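Geometric and topological summary
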Amino acid sequence: MESRRVQKLSIDQMNENKRVIVIGAGASGYFAAIRIKELCPTAEVVIMEKTGKTLTKLRISGGGRCNVTHDVTGNAQLLEHYPRGKNFLKKVFYRWGVPETRDWFEKNGVELKVEEDGRIFPVSDSSETVAQLLEWRAKKLGVELMLNSSVVTIVPMPKDGFYRWQINTNTSGSEMATDVVMAMGGFPKLSQYNMIASLGVEIVTPVPSLFTFNINETTLHDLHGVSVVDARVKLVGYPESYNGPLMVTHWGISGPAVLKTSAWAARWLNEKAYVNTVLVSWVNLSEEELRQQLNENIRSNPKKMISNLGLDGVPKRLWDFIISRAETPVNKQSADLSKYEFNKIVENVIRMPFEVDGKTTFKEEFVTAGGISLTSVDSNTMAIKSQQGLYATGEVLDIDGVTGGFNFQAAWSTAAILAEAIAKQ
Ligand SMILES: Cc1cc2nc3c(=O)[nH]c(=O)nc-3n(C[C@H](O)[C@H](O)[C@H](O)COP(=O)(O)OP(=O)(O)OC[C@H]3O[C@@H](n4cnc5c(N)ncnc54)[C@H](O)[C@@H]3O)c2cc1C
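Numbering of residues begins from 1 in every chain and follows the order in which that chain's sequence is written. With pLDDT at 70 or above as the cut-off, local features in this predicted model cover only qualifying residues; side-chain atom pairs require 80 or more to be listed or tallied, and sums for whole chains, interfaces and linings still use all residues. Processing note: side-chain calculations cover all non-hydrogen atoms of the structure and skip hydrogens and water entirely.

**Examining the overall build of the protein**
Here is the rule: Here a strand is any run of E in DSSP of at least two residues, a helix any run of H or I of at least four, and the numbering for each starts at the N terminus. Only protein chains enter the area calculation, which uses a 1.4 Å probe; residues under 20% of their type maximum are buried, those over 50% are exposed, and those in between are partly exposed. Any two residues having at least one pair of non-hydrogen atoms within 4.5 Å are treated as being in contact. For the accessible areas, the method is Shrake-Rupley and the probe is 1.4 Å, while residue cover comes only from the protein chains on display. In this count, Lys and Arg are taken as positive residues and Asp and Glu as negative ones, while His and the chain termini are left out. Where a charge sits is defined by one atom per residue type, namely NZ (Lys), CZ (Arg), CG (Asp) or CD (Glu).
A count of helical and extended segments in the protein gives 15 helices and 21 strands. Counting every position in the protein, which comprises 425 residues, the buried fraction comes to 53%. When contacts within the protein are restricted to residue pairs at least 6 apart in sequence, those whose partners lie at least 24 apart make up 73%. Accessible surface, the protein: about 18,300 Å² in total, of which carbon and sulfur atoms supply 51%. Separation between the mean location of the 47 positive side-chain charges and that of the 47 negative ones in the protein comes to 2 Å.

**Let's talk about the site of the ligand**
Rules: Summary of the distance rule: residues count as near a molecule or strand when at least one heavy atom falls within 4 Å of that molecule or strand. Whenever a nitrogen or oxygen atom comes within 3.5 Å of another N or O atom, the pair is scored as a polar contact, on the condition that within protein one atom can donate a hydrogen and the other can accept it, and that pairs from neighbouring residues in sequence are kept only if both atoms are in side chains. Nonpolar residues are Ala, Val, Leu, Ile, Met, Phe, Trp, Tyr, Cys and Pro. Charged residues are Asp, Glu, Lys and Arg, and all others, Gly as well, are polar.
Surveying the vicinity of the ligand reveals 32 residues, the closest of which are Ser-28, Glu-49, Val-151, Glu-395 and Phe-408. At 3.2 Å from an oxygen atom of the ligand is found a main-chain nitrogen or oxygen belonging to Ala-27. In the environment of the ligand, an oxygen atom lies 2.7 Å from a nitrogen or oxygen atom belonging to the side chain of Glu-395. Coverage of the ligand by the protein chains reaches 93% of its 1,000 Å² of free accessible surface. Counting residues per element, the ones that place at least two in the shell around the ligand are helix H1 (27-39), helix H2 (56-64) and helix H15 (406-424). Per-element tally for the shell around the ligand: the top contributor is H2, with 4 residues. Among the residues making up the shell around the ligand, the classes are represented as 13 nonpolar, 13 polar and 6 charged.

**Structural notes on helix H14 (residues 339-350)**
What counts is decided by this rule: An expected span of 1.5 Å times one less than the residue number is assigned to each helix.
Between its first and last C-alpha atoms H14 spans 17 Å; for 12 residues at 1.5 Å apiece the expected length is 16 Å, and the two agree. Listing the buried residues of H14 in full gives Glu-341, Phe-342, Ile-345, Val-346, Asn-348, Val-349 and Ile-350. Each element contacted by the buried residues of H14 is listed here: strand S16 (275-281), helix H11 (287-300), helix H12 (306-309), helix H13 (316-325) and strand S17 (352-361).

**Let's talk about the side chain of Ser-28**
Mapped onto the secondary structure, Ser-28 falls in helix H1. A relative accessible area of 7% means that Ser-28 is categorised as buried. What Ser-28 contacts, discounting residues up to four positions off in sequence, is Ala-183, Thr-393, Gly-394, Ala-411 and Ala-415.

**Digging into the sheet that holds strand S5 (residues 119-122)**
Think of a sheet as strands paired side by side through backbone hydrogen bonds, with each pair either parallel or antiparallel. Inclusion rule: Two strands qualify as a pair provided that DSSP identifies no fewer than 2 bridges between them.
Strand order in the open sheet formed by 3 strands is S3-S5-S4, with antiparallel pairing between adjacent strands. Bordering the open sheet on either side are strand S3 (69-70) and strand S4 (112-114), each of which pairs with just one other strand. Here 2 bridges tie S3 to S5, and the two strands are oriented antiparallel to one another. Along S5, the bridge assignment pairs Thr-69 with Ile-120.

**What about the domain arrangement of the protein?**
This is how it is decided: Note: domain ranges come from an automatic or database domain assignment. Buried area counts how much accessible surface, traced with a 1.4 Å probe, disappears from two parts once they are put together, with both parts' losses summed.
Domain assignment breaks the protein into domain 1 (13-207 + 366-424) and domain 2 (211-364). Taking only C-alpha atoms, the centre of domain 1 and the centre of domain 2 are 40 Å apart. Across the boundary between the two partners, domain 1 contributes 13 residues, which contact 9 residues of domain 2. Here domain 1 packs against domain 2, burying approximately 920 Å² in sum over the two surfaces, 63% of which is carbon and sulfur. On the domain 1 side of the contact with domain 2, Arg-84, Val-207 and Phe-366 bury the most area, a combined 46% of that side's loss. Scanning the region where domain 1 abuts domain 2 turns up 2 residue pairs in polar contact (both at pLDDT 80 or more).

Have a look at this one:
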């Protein structure tokens, strides 16, 4: 969308005009701007973006395919995917959830498809389709865009019982607004939230979420590319464990089971400086079930070398690795396994320990846990409780989901809710 300078209104003129300034041209900012114009065409809506580009993260999201949302059976299931924000989002999703999102995109010409694991992408398999729709729709509705406009201060200007806002930028002077939408995304440092904190808004210290675990073990690295479909990951000392696909990488372990663990334990791991023992179960079986399965295998194949015995769902290279970690000779016949060796194999299948020493971003994908405290926000309107006409949406809030389209869903939903509130005023 072409950048255009907006007409400036004085504080008095604005008593008759609704003028909304959206700070940030990401997914949540764009969606908020579009929905405000859809519901209240007379409002003047301006997006101010600090960079020279729009929708940067969205364009690289989902490996360039944009995982727009996730196919879920209902809101209760949807909420289970948010380590932070679950209770707050209950009301929000009730009003704008996955069906509304799918409907909006489909009605506006972006055909969506559901993949086997429930993730929803555009049929085009290109994030450009989603980005172009948002840009086209915003332009068509008359949303104005100011690029290279980094907002440095948001100043409340109460007048005659009404609030007005002065938005000061580092390059394009000041703008006045009746309503302000903060859609600036997440920041890694607490100090980067100073502009928001100065308005009396409580900030939860940010920490990264969604990352893979570094493990300095070359014998594990040699297995890179090996994956299992249903592993279980447990951090020693952390109460929960998480399952899902797991992959061995050049630097450690990755895949949905690890990313899920990193999201739920984001703050706990941060306190531990990302150094901790992790126990990996390569199959999602109880110890009892595993022992039974292995015993049956051995009974039916007593003469098979243990290396050829195998285990359902465990690739051969990984099985050999498990046997070597269990200090069992790979050429031993199954029937000759000692009780000690059998127990060691069981232990290494369902509780193989690794020392995690640091984290690595997964395909550049990450989100910020932390940001605007949800205690400062009204979940009916997304308004900041202590301020009139100030709203927040998307990743700037202390809301984050696991991978699978849940972060965009939170962005679309919170944006839709605040648009309704602004339009209703
Ligand atoms: C590589 C990658 C892949 C991802 N893939 C997926 C996925 O497939 N599915 C999913 O659900 N989630 C995904 N995510 C997460 C998702 O992209 C984010 O949760 C989402 O983009 C948040 O949208 P937002 O609008 O809140 O913030 P952002 O997209 O970060 O947009 C914020 C905008 O505000 C601007 N801004 C910041 N400060 C100022 C200021 N002071 N003045 C003016 N402008 C400002 C920024 O420049 C930016 O353009 C991915 C994240 C990454 C990094």
